Amino acid sequence: MKQTIVRNVGELPTFGFGLQSGPWWGAISFMALEGMGFAIAIGVYLYLYAVNPTWPIGASPPDLWPGTAETIVFLLSIIPNQYTNRAAHQQDLHKVRVWLVVMSLIGIALLILRGFEFAHLNTRWDNSAYGSVVWLILGLHTTHLATDLGDTIVLAVLMFTAHAKPRRFSDVTDNVFYWNFVVIAWLPLYVLLDWVPRL
Amino acid sequence: MPAWVRSGLLLSVALPLVACAGSQSALDPQALQSEQIRHTFIMFLAVSGIVWSCVTVVLGIGLLRRTRIAGAPLELHPPFETCAGRIILGLGIATTLIVLVLSFVSYAGQRTLFAKDPGALTLRIIGHQWWWEVHYEADSPHNSFATANEIRIPVGKPVKVELESADVIHSFWVPSLTGKMDLITGQTNEIQFTAKKTGIYRGQCAEFCGLQHAHMAFAAIALRPDEFERWREHENQSATSPTDTLAKQGEELFRGRGCALCHTVRGTLAGGQLGPDLTHIGSRTTIAAGTLPQTPAALGAWIADPQHIKPGNLMPRMPLQSGELIAIIQYLEQLK
Amino acid sequence: MSMAVEQKEMRDDALHGLQLATRLEGIWRTPSGLMGALMSVDHKIIGRRYIVTAFAFLVLGGLLAILMRIQLAGAEQRLLSPDLYNQVFTMHGSTMMFLFAVPVMEAFAVYLVPLMVGTRNIAFPRLNAFSYWMFLFGGCFLWISFAFNVGPDVGWFAYTPLSSLQFTPSKRADVWAQMITFTEVAALAVAVEIIVTVFKQRAPGMTLDRIPLFVWAMLVTAFLVLFAMPSIMVASTSLILDRLVSTRFYDPSSGGNVLLWQHLFWFFGHPEVYIIFIPATGMVSMVLATFARRPVIGYPAIVLSLIATGFLSFGLWVHHMFVTGLPQLGAGLFTASSMLIAVPSGLQIFCWIATLWDGRPVYRTPLLFVLGFIVIFVIGGLSGVMVASVPIDTQVHDTYFVVAHFHYVLIGGAVFPLIGAVYYWFPKICGRMLSERLGRWNFWLAFFGFNIAFFPMHILGLMGMPRRVYTYTPEMGWDRLNLLSSVGAAIFALSFAVLLANAIYSLRRGMPANDNPWDASTLEWATASPPPPQNFDRIPVVTHRDPLWADPNILPVIAGLSAERREVLLTSLADAEPQIREASPEPSIWPLLTAIATTIFFIGSIFTPWAVVWGTPPMAITLIGWFWPTGSKEDEE
Ligand code: HEA
Ligand code: HEA
Ligand code: CUA
Ligand SMILES: [Cu+2]
């Protein structure tokens, strides 16, 4: 078949942000499926809640302070996260480095708080179905927290090495985006785990 | 559609099915409920038959049409396109209407099927891997008793069965009487039916429940109400002590060889709970959940080596001399 | 943003014809040798492997089916012990659903979607490679377990509490649950790739209403995967947790609930069947248009039907649970929603029949299979409508009637189109035509064999034969129909033997195929058969829904992509306006290593919870290796 060139795309950029970029769509697809995972886990919790006459089963509700402290840190972390985002869009390497380190530290702090939260759930996973689902949900979210932290640390390392190339800024924005997802996913879980059993 | 067309249609689709009647067949209804289901089924079958025939006929005509004009693939004829679009839309609407009507037909059938009669005779059935524990519940405890693997019901009287499970999920299904209902761990389900004719109807576990799911059947015997009352009266009695010596010996062996650890024979010391109640085993039609007929030979074969007949079932092979075996058979046979 | 490097870079507008082709080929080729094969990220190579592997599982699953049919051919046969029979039907169902039907559809998508949308590789090619390895390892894991007599034996939906530790103390149920995890990971990865490929990598001008129907179907399927699979992930994970660390999800004595399992399974399981069916309808639309010699009537109606089916399929799961004692009114509503899905399915059927009506059908093998599909699928769909009715389902649930229903829809609705698709795209994939004569044999054997095998099952079900029984007594009167069914199954198996022979023969001796042997209209036919590693020397520009019919002689293309490194063109979501020239990853061994690490993690974790601890670092390391910039040019911007 004969070909006729009707357009030259040579001038187009080689990476982009947000809606334009492929990885961004990949990230949002993964968020969609992980969000669905959280939704299903919440469904499991509510189903067990509905079929059981007593709730929580054979345990007192989780202590409030670790979850609440986490929620506060999560919410506050959005601020430095947005700064990271802005710095990445401005392709300001120095600022991006600083903010990535800050975000890594926040992630570590949250993981430590998460440890306390597990310790203060007041139930074990093998006590009852209540314990099981609480541990499942918290475990699921912790996995997300841990992976995003890992990603942030790796990005930070990249930014401090010779790999700090412009297209990495796009990766940073994707990471920022994902962090927001981890935060938003936490909010309903906080209500579910810490407040629903007190109803 | 005129009545004769309708009945003719129903008949033509239903006829080939009549041949399939048997003692465990959904097409041979013997109760109000199973009749209702068959009725709904025939309606669906008729609609489906018509829809499928129309689809294939139109497809056939479409393929065989000879009035096509050759041309490039994109040389379309706008009038045809709009016309086809309209027809497709119309058929879509027709499909919607048909399925809505079918939904109502189905729901109406469902209402009749699951209608509850407060005065029903109540049975409680507990599913085990791979046999059925049956309790007849009555207002007075004197009139409640346990049996296994066979139920008897009065004709013309509504019967309610409460379904539970002792282990995994099973499903209670006597196609001639009504549809199935699962026996689910940790929950109680209910099903009701009213037999119309006397007879022996076979039922079978319909939910996969492990190794011997294939051999988890039972008999539902519909009796005239007076016969039923007599049976119930009798079944409520404890076992009578054997009179002949062989059977007496059998009774002792039954205890001595460990059978009593798992089986109950009311009125004796045998009070095991792991296996079927054998108080009136001699009067049942089958043994081992419908696996074998209840005959001395079959009983012998079963007790001698249950694992050969029903591999994996939960009754172990007991070491018995052939004389002992005969005594036990004798004993069980007279537990009428 | 653009840097000095770019100015010096050679672009494809500087080259022409053969020169350009060889140059691009050099860039996009998979390195030769074993190492190259293990590193490949070419969607065509991976797609081909995926297809072949899935068909291998079809043969394995089919051989198990033959074993079952021999066992059931007469009353009280003793070929298989109950223990083996239970493994065999579970392996058959699980293999067919998780290792054949879903993967084979994804496999075709992996191969075809990038070609159909006119791009050079799928989005996230390394993820694609990883997906294939996970699928392969998961399938091998299942079958090796089976060979060691730890094949699952709890049915393809593994109902609790039968699958709990108490009633299945061996590792069999764990094997089942973990095989699910493998295949889900693989399927989710492909779903993400398809979504991004379709959203971002369509050729310029391929607006939403110009997307080929198969691509639409795969897009809808990808979304179904995305939203349905998390449910089974949660289910299989919680089952393993129950079995391994004694959580109590399914233990009624501690507040657990066994019906929870059924809800989770079928919330996935029902969409699952459309994950199998929808791609097949996409294939039908493509084949039909080509052989009816006109575009399919009602493109918008079909697209809307696909989307509607997708949405509806999440609202039907309860129809698998009609006899679990749920509230009656609720069950009745699920009857209605289940039947409503007849509307979009029906619309598609009507559009196809109208297309054939107006077209000038060319009766080649692919079309025969599509015609067979219509005749058989409608029967299966209508028996679906029957079982959707609560009263009817109380009788036929868990009987051979349902077995008949789902083989009619699965084989009639998915396998027939699939075989048609094999005949249709074989020339594109392998460069040679399949034999038409053998094709006809294949079709007629399949058509009659299938119906003889599965039609009697409807009657058997009504005659009271439950499914999943390893034997029955002669008094039941089921033996003659069962024998008939087994004979049909043998004929049907023969048709597959013909297909296999045809493929092997034609690979060597088949007639060489030109670029567009069927005179079809979509972009995959605008390149060579088989396509070169770069797919297209220049990315086509689409101005019509049927580009190759609109102008059979001249293909408008764009220029300006790199001729030095792998680059794909990203376009905007709705109207496919060029936006970015994005780098596309080079071959890499890391996806394979990551898959190996993940496999160790998954298999280890059914034996000890500590696998989660020691299994994580290797996974993390391989993942970092995967994403770590290699210093190659694409990373340097
Ligand atoms: C490709 C796979 C596929 C497809 C497409 C379907 C399609 C449908 N299925 Fe099926 N189904 C399965 C695979 C599939 N199924 C499997 C694997 C199981 C068993 C799982 C197991 O237990 O192991 C199952 C089981 C199953 C059940 C549970 C049965 C039971 O266990 O008791 C039900 C109940 O409602 C059901 C219903 C339907 C319906 C209503 C459709 C509809 O989508 C059909 C719609 C199509 C048509 C109706 C035909 C075309 C339409 C027309 C020509 C228009 C005119 C029509 C009318 C006016 C009615 N299916
Ligand atoms: C896409 C899915 C799919 C496909 C294609 C098939 C294909 C077949 N299936 Fe099955 N089937 C299921 C999905 C599928 N099945 C599912 C989900 C279940 C439920 C499982 C459960 O209950 O858990 C089931 C259950 C099931 C049962 C019920 C078992 C039971 O309940 O006890 C039976 C019984 O006959 C059966 C038969 C067959 C047969 C004869 C084929 C034939 O079509 C197979 C034909 C193919 C081949 C034979 C292979 C290719 C052959 C060659 C390359 C030639 C060489 C070989 C020879 C010449 C022998 N299947
Ligand atoms: Cu009990 Cu099947
Ligand atoms: Cu379904």
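Procedures and definitions
Residues numbered from 1 in each chain as written. Chains lettered and ligands numbered in written order. Predicted model: local features only at pLDDT ≥ 70, side-chain atom pairs only at ≥ 80, totals over all residues. Heavy atoms only, no water. Helix = DSSP H or I, 4+ residues; strand = E, 2+ residues; numbered from the N terminus. Rg over C-alpha atoms; globule rule 2.2 N^0.38 Å. Contact = heavy atoms within 4.5 Å. Areas by Shrake-Rupley, 256 points an atom, 1.4 Å probe, with all protein chains shown as cover. Lys, Arg positive; Asp, Glu negative; His and termini not counted. Charge placed at Lys NZ, Arg CZ, Asp CG, Glu CD. Buried area = accessible area lost by both parts, 1.4 Å probe. Salt bridge = Lys/Arg side-chain N within 4 Å of Asp/Glu carboxyl O. Polar contact = N/O pair within 3.5 Å; in protein donor to acceptor, adjacent residues only side chain to side chain. Nonpolar A, V, L, I, M, F, W, Y, C, P; charged D, E, K, R; others polar. Donors = N, O, S within 2.8 Å, 3.2 Å for Na, K, Ca; no water. Buried < 20%, exposed > 50% of the residue type's maximum accessible area, 1.4 Å probe, protein only. Near = heavy atom within 4 Å. Pairing = 2+ DSSP bridges. Axes fitted to C-alpha atoms, helices over the stretch in contact; angles between N-to-C directions. Disulfide = S-S within 2.5 Å. Phe/Tyr/Trp six-rings, centres within 6.5 Å; stacked < 30°, edge-to-face > 60°. Lys NZ or Arg CZ within 6 Å of the ring centre and 35° of its normal.

Would you mind going over the overall build of chain C with me for this structure?
Within chain C, the regular secondary structure consists of 20 helices and three strands. Computed over its C-alpha atoms, the radius of gyration of chain C comes to 25 Å, within 12% of the 26 Å expected for a compact globule of 637 residues. The principal-axis extent of the C-alpha atoms belonging to chain C is close to 80 × 60 × 50 Å. A separation of at least 24 residues holds for 80% of the contacts in chain C among residues at least 6 apart in sequence. Per element, the accessible surface of chain C, about 19100 Å² overall, is 70% carbon and sulfur. For chain C, the separation between the mean place of its 37 positive charges and that of its 39 negative charges on side chains is 6 Å.

Is there a simple way to think about the interface of chain C and chain A in this case?
Accessible area lost upon the coming together of the parts is a frequently used measure of interface size. Contact residues are listed per partner, giving 65 residues for chain C and 52 residues for chain A. The junction of chain C with chain A conceals about 5200 Å² of combined surface from both sides, 68% of it contributed by carbon and sulfur atoms. Across the chain C-chain A interface, the total number found is one salt bridge. In this structure, Arg7(A) and Glu577(C) form a salt bridge, with 3.4 Å as the shortest nitrogen-oxygen distance. One can count 20 residue pairs in polar contact (both at pLDDT 80 or more) joining chain C with chain A. Every element with two or more residues in the side of chain C that touches chain A is listed here: α7 (172-200), α8 (213-245), α9 (258-292), β1 (554-559), β2 (567-571) and β3 (578-583) of chain C. When grouped by side-chain class, the residues that make up the side of chain C that touches chain A number 39 nonpolar, 11 polar and 15 charged.

Teacher, can you tell me more about the coordination of the copper ion (ligand 4) here?
For a metal with four donors in a tetrahedral arrangement, the ideal angle between donors is 109.5 degrees, while six donors in an octahedron ideally sit at 90 or 180 degrees. Residue and element names in this part refer to chain C. Ligation of the copper ion (ligand 4) by protein atoms is provided by His 270 (ND1), His 319 (NE2) and His 320 (NE2), these donors lying 1.8 to 2.1 Å from the ion. Between the two metal centres, the copper ion (ligand 4) and the iron atom of ligand 1, the spacing is 4.6 Å. Of this pair, His 270 sits in helix α9 while His 319 is found in the loop between α10 (299-312) and α11 (328-340), placing the two residues 49 residues apart along the sequence. Of the residues examined, His 319 reaches a relative accessible area of 15% and is grouped as buried.

Explanation requested: the site of ligand 2 in the structure shown.
All names here are of chain C. Contacts to ligand 2 come from 31 residues, most closely from Arg 69, Tyr 85, His 92, His 407 and Arg 468. The contact in question runs from a nitrogen atom of ligand 2 to an N or O atom on the side chain of His 92, over 2.8 Å. Between ligand 2 and the protein, one listed contact pairs a nitrogen atom with a side-chain N or O atom of His 407 at 2.8 Å. Of all the secondary structure elements, the ones that give two or more residues to the shell around ligand 2 are α4 (43-72), α5 (82-116), α15 (400-430), α16 (436-462) and α17 (479-509). The biggest single contributor to the shell around ligand 2 is α4, with eight residues. Considering only residue class, the shell around ligand 2 consists of 23 nonpolar, five polar and three charged.

What should I look at first to understand the pairing of β1(C) in this one?
One face of the sheet, then the other: side chains in a regular strand alternate in exactly this way. The buried fraction of β1(C) is high, at five of six residues. Here six bridges tie strand β1 (residues 2-8) of chain A to β1(C), and the two strands are oriented parallel to one another. Its bridge partner lying in β1(C), Thr4(A) is registered against Pro556(C).

Can you help me understand the interface of chain B and chain C in this one?
In this assembly, 80 residues from chain B lie in contact with 85 residues from chain C. Across the interface of chain B and chain C, roughly 6800 Å² is buried in total on both sides, 71% from carbon and sulfur atoms. At the boundary of chain B with chain C, the tally comes to one salt bridge. Counting every contact that joins chain B to chain C gives 20 residue pairs in polar contact (both at pLDDT 80 or more). Elements supplying a minimum of two residues to the side of chain B that touches chain C: α2 (32-64), α3 (78-113), β7 (181-183) and β9 (199-204) of chain B. A class-by-class count of the residues in the side of chain B that touches chain C yields 43 nonpolar, 29 polar and eight charged.

Teacher, can you tell me more about the sheet that holds strand β8 (residues 189-193) of chain B here?
Strands belonging to one sheet form pairs held by backbone hydrogen bonds; the direction of such a pair is parallel or antiparallel. All names here are of chain B. A sheet is described by the order of its strands in space; here five strands give the open sequence β3-β2-β1-β5-β8, paired in mixed fashion. A single partner strand is all that each edge strand has here, and the edge strands are β3 (145-148) and β8. Pairs of neighbouring strands in the sheet enclose a mean axial angle of 25°, with direction left out of account. In this structure, strand β1 (residues 121-128) lies alongside strand β5 (residues 159-165), joined through seven bridges in parallel fashion. Among the inter-strand pairings, Thr 122 is bridged to a residue of β5, identified as Lys 160. Sheet strands touched by helix α4 (residues 225-236): β1, β2 (131-137) and β3. Its angle to β3, the strand with the most contacts, is close to 100°.

Even after reading the chapter, I still don't get the sheet that holds strand β10 (residues 217-223) of chain B, so can you show me in this structure?
Residues and elements named next belong to chain B. Strand order across the open sheet formed by three strands is β4-β10-β9, with mixed pairing between neighbours. Strands at the two margins of the open sheet, each flanked by one partner only, are β4 (150-154) and β9. Neighbour to neighbour, the strand axes of the sheet diverge by 25° on average, direction disregarded. Of the pairings in the sheet, the one linking β4 to β10 comprises five bridges and is parallel in character. Each residue of the ladder has a partner; that of Pro 154, found in β10, is Leu 223.

Help me understand the state of the cysteines in this model?
Here the structure, examined in full by the defined rule, presents zero disulfides over all chains. The closest cysteine sulfur to the non-disulfide-bonded Cys83(B) is located on Cys351(C), 13 Å from its own sulfur.

Even after reading the chapter, I still don't get the packing of aromatic side chains, so can you show me in this structure?
What characterises a pair of aromatic rings is the spacing of the ring centres plus the angle enclosed by the ring planes. Counting across every chain of the model gives 88 aromatic pairs over all chains. Ring plane angle 55° and centroid distance 5.0 Å describe the contact between Phe157(C) and Trp266(C), whose orientation is recorded as tilted. Residue Phe157(C) is found in the loop between α6 (125-147) and α7, and its partner Trp266(C) is found in helix α9; the two are separated by 109 residues along the sequence. Here Phe157(C) falls in the buried class, since its relative accessible area comes to 3%. Judged by relative accessible area, Trp266(C) falls into the buried class, the value being 4%. One aromatic cluster is present, formed by Phe369(C), Tyr408(C), Phe416(C), Tyr423(C), Phe443(C), Trp444(C), Phe447(C), Phe448(C), Phe450(C), Phe454(C), Phe492(C) and Phe496(C) through successive ring pairs. Note that Arg114(A) overlies the ring of Trp186(A), its terminal NZ or CZ placed 4.5 Å from the centroid.

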